Amino acid sequence: MSYEQITYEADGAVAILTLNRPEKLNAWTYTMRKEMHDAISRANADAAIGAIIVTGAGRGFCAGADMDATFKARISGDDVAGKDVAGGIDWVAFVRESKPLIAAVNGAAVGVGLSQILSFDVIVAAKSAKLAVPFVKVGVVPELASSHFLVQRMGFGRASEFALTGRFMLGEEAATVGLVDRAVEQDKVLDTAREIADAIAANPDRHLRWAKHLLSQNGSETDLSLVQRREQDLLAEAYESPEHKEAVDAFLNKRKPVFR
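In short, a report on the structure. (Residues numbered from 1 in each chain as written. Predicted model: local features only at pLDDT ≥ 70, side-chain atom pairs only at ≥ 80, totals over all residues. Heavy atoms only, no water.)

1. Some thoughts on a nonpolar patch on the surface
Taken together, Val 248, Phe 251 and Leu 252 make up a surface patch of nonpolar side chains, about 350 Å² in accessible area. With respect to the helices and strands, Val 248 occurs in helix α11 (residues 242-252). Residue classification places Val 248 among the partly exposed residues on the basis of a relative accessible area of 38%. (Patch = residues over 30% accessible without salt bridge, like charges linked within 9 Å, V, L, I, M, F, W, Y side chains within 5 Å. Areas by Shrake-Rupley, 256 points an atom, 1.4 Å probe, with all protein chains shown as cover. Salt bridge = Lys/Arg side-chain N within 4 Å of Asp/Glu carboxyl O. Helix = DSSP H or I, 4+ residues; strand = E, 2+ residues; numbered from the N terminus. Buried < 20%, exposed > 50% of the residue type's maximum accessible area, 1.4 Å probe, protein only.)

Below, the structure is given as structure tokens:
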């Protein structure tokens with residue numbers, strides 16, 4: 001499909017998706033959601049792609065939902081059937097089943113602009129980026145499993161304070177409390193994300209997906225016997241994979257493995 005509100009670029013083994021409504025700080029719309037789903041699916045289907053970066057055009061990453069196109073339309077009684085934030089898609093499952101996703105948060109990430117990336121594998125933010133989940137301030141509640149991932153990333157107390165006040169937090173503080181994984185200077189955000197993406201993309205696709213699957217399943221699992229069974233089941237498959245044989249041969253012959 002052609003895109004109106006994002007751009008898609010394949011650069012080597014990395015796909016770069018850019019939210020492209022800079023005049024509105026890349027405010028989220030139903031169209032943007034549909035295009036993001038299509039673009040990530042496109043990268044997933046491309047054997048040459050090993051990792052995906054999502055960033056924003058201009059000064060912002062994603063300043064939340066476009067009020068006119070979303071909340072106002074719903075209140076006005078416009079036809080928004082199927083146009084909830086997920087649009088019939090299990091966004092979190094889709095993200096966790098996709099190739100590794102890195103968010104390059106170059107500016108404001110607010111509301112859905114932040115909640116949609118909390119399930120990503122890595123979040124890199126500008127130290128000056130403003131982040132918030134001010135759902136209570138607009139009379140709604142957290143979505144896209146953000147009430148889970150905020151606690152996972154920040155801990156219960158910090159997540160509660162952040163969600164219940166709806167306050168803004170700068171990227172530098174966000175890295176300190178674990179909301180984002182790295183905070184860097186504004187002009188280093190995309191470069192840092194690219195370094196991480198390249199390092200990830202050097203690894204074999206299905207093993208990356210298996211590792212993501214285990215992290216998704218086991219991250220909140222308290223039954224450690226079950227955790228180990230899941231790992232052993234996938235480890236048995238991994239031992240039989242051509243990628244494992246390639247890695248061992250490369251190590252023994254002192255060369256770099258070729259997975260892609």
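2. Description of the sheet that holds strand β2 (residues 14-19)
Read from one edge to the other, the open sheet built from 6 strands follows the order β1-β2-β3-β4-β6-β9, with strand pairing classed as mixed. With partners counted over all chains shown, the strands left at the sheet margins are β1 (6-11) and β9 (182-184), one partner each. Strand-to-strand twist across the sheet, computed as the mean angle between neighbouring axes with direction ignored, equals 20°. Here 4 bridges tie strand β3 (residues 51-56) to strand β4 (residues 101-105), and the two strands are oriented parallel to one another. Bridging from a neighbouring strand, Thr 55 pairs with Ala 104 of β4. In this fold helix α1 (residues 30-45) packs onto β1, β2, β3 and β4, with an angle of close to 15° to the strand it touches most, β1. (Pairing = 2+ DSSP bridges. Axes fitted to C-alpha atoms, helices over the stretch in contact; angles between N-to-C directions. Contact = heavy atoms within 4.5 Å.)

3. Quick notes on α11
Within the span of α11, buried status applies to Glu 243, Glu 246 and Ala 250. Angularly, the buried residues of α11 cover 60° about the axis, an arc narrow enough to put them on a single face. Facing away from the buried side of α11 by more than 90 degrees, the exposed set consists of Phe 251 and Leu 252. Along its buried surface, α11 packs onto α9 (205-218). (Arc of directions from axis to C-beta.)

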